[in-house]
Amino acid sequence: MSDFGGKLRLAREQRGLTLRQIADRTKISASALEALERNDISKLPGGIFSRSFVRSYAVEVGLDPDETVKEFLARFQGHPVQASAAPAQIPASETNFDSRQRIASLILKLLVIGIPLVAIILYFTLRGRANAAPDVAPRVAEERGGATSAPPPPTEPSTAPSTSAADTAASPAVRAATMTLELHPTGACWVKLTVDGRPVLARTMQAGEKVVRTVREHAVIEVGDAGAFAFSIDGKPGKPLGTPGQVVKATTITRDTVAGFLQ
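All figures in this text were calculated on a predicted structure; none of them were measured in a lab.

Rules and cut-offs
- Residues numbered from 1 in each chain as written.
- Predicted model: local features only at pLDDT ≥ 70, side-chain atom pairs only at ≥ 80, totals over all residues.
- Heavy atoms only, no water.
- Helix = DSSP H or I, 4+ residues; strand = E, 2+ residues; numbered from the N terminus.
- Buried < 20%, exposed > 50% of the residue type's maximum accessible area, 1.4 Å probe, protein only.
- Contact = heavy atoms within 4.5 Å.
- Areas by Shrake-Rupley, 256 points an atom, 1.4 Å probe, with all protein chains shown as cover.
- Salt bridge = Lys/Arg side-chain N within 4 Å of Asp/Glu carboxyl O.
- pLDDT = per-residue confidence, 0-100.
- Pairing = 2+ DSSP bridges.
- Axes fitted to C-alpha atoms, helices over the stretch in contact; angles between N-to-C directions.

## Quick notes on the overall build of the chain
Within the chain one finds eight helices and eight strands. A total of 263 residues make up the chain; the buried ones form 30% of that total. Counted over contacts in the chain with a minimum sequence separation of 6, partners at least 24 positions apart contribute 59%. Carbon and sulfur atoms form 58% of the exposed surface of the chain, whose accessible area is close to 16,700 Å².

Structure representation (structure tokens):
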């Protein structure tokens, strides 16, 4: 179908829905949905996330999501779709990314449970050894038939400085080697984050939610609604990446350019 966006708009109007209602349900900005109905895919983030937008829209207006994604790919990305009775498969890249997200969440839960447990075990183990230590010397002395010797005199405290001048001079460089990036949207907002070439986040964040990552080289940020997105770097608030409802693509922040992104 040549007018792909028109098909989506017609299905929406037949259901009596507005773009704002679909935007509230899917957490995709109304401007991006409007661009999709105009066949203007330049306003979409691209790749698997554009397909996610199309799939979510199709579900809300009652269209078959798999067939709608096929039409989208054939119309805009030049990928002809062969007829098949089998249902469309979720792209491997999406499946792999979801798997990594689930594994990371499981590891985080195990750490939250395991670290306090290990700390408790170590505490009671060391405490038991400390209570038993004073009895060792008298018991050995009694076995040998002699008195215990006096403890050695305390050694004089060292007057040498704890750190050298070279260490002090080097510490600022160490602190400046990384950046601490915190994402904290003020409203529901779709966010994609890539840190040092590795994707770490691609989902809708809610108001009050925070994600903190350490950046060594660079961070790339994409958002579905710039008006609801907020961030800070090393505790300093960042400038808005765009206007409310605007889709922002591939904004790259490095140590050399970070000053331009801070308020």
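## Regarding the pattern of salt bridges
One pass over the structure, following the stated rule, counts 11 salt bridges. Among the salt bridges present, the one from R25 reaches E60, with a minimum N-O distance of 3.4 Å. Separated by 35 residues along the polypeptide, R25 in helix 2 (residues 19-26) and E60 in helix 4 (residues 47-61) bring together distant segments of the chain. Note on R25: relative accessible area 49%, which makes it partly exposed. A salt bridge links E67 to K70; the shortest N-O distance between them is 3.7 Å. Of this pair, E67 and K70 both sit in helix 5 (residues 65-76), three residues apart, roughly one helical turn. Taking relative accessible area as the criterion, E67 reaches 41% and is therefore assigned partly exposed. Using a relative accessible area of 18% as the deciding quantity, one classes K70 as buried. Sharing partners across several salt bridges, the network here consists of E34, R38 and D40.

## Here's the deal with unusual backbone geometry
Its identity as a non-glycine residue notwithstanding, N39 has a phi of 65 degrees, on the positive side. Tracing the backbone through its elements, the reader meets N39 in the loop between helix 3 (30-37) and helix 4. In this model, A250 sits at a positive phi of 35 degrees, which is unusual for a non-glycine residue. Structurally, A250 can be placed in strand 8 (residues 248-254). In this structure A250 comes out as partly exposed when scored by relative accessible area, which is 47%.

## Observations concerning the confidence of the model for the chain
Averaged over every residue, the pLDDT of the chain is 78; residues scoring 70 or more account for 70%. Predicted confidence in the chain is weakest over helix 8 (residues 165-175), with a mean pLDDT of 43, and strongest over strand 7 (residues 236-237), with 96. The low-confidence segment residues 79-91 (pLDDT under 50) makes eight contacts with residues lying over four places distant or belonging to another chain. Throughout residues 157-175 the model reports pLDDT below 50, and contacts reaching past four residues in sequence, or to other chains, amount to one contact.

## A short note on the sheet that holds strand 2 (residues 189-195)
The sheet built from four strands is open, its strands ordered 3-2-5-8 with antiparallel pairing. For this open sheet the edge positions go to strand 3 (198-205) and strand 8, each flanked by a neighbour on one side alone. Neighbour-to-neighbour, the strand axes of this sheet turn through a mean angle of 15 degrees, independent of strand direction. Pairing analysis gives seven bridges linking strand 2 to strand 3, with the strands arranged antiparallel.

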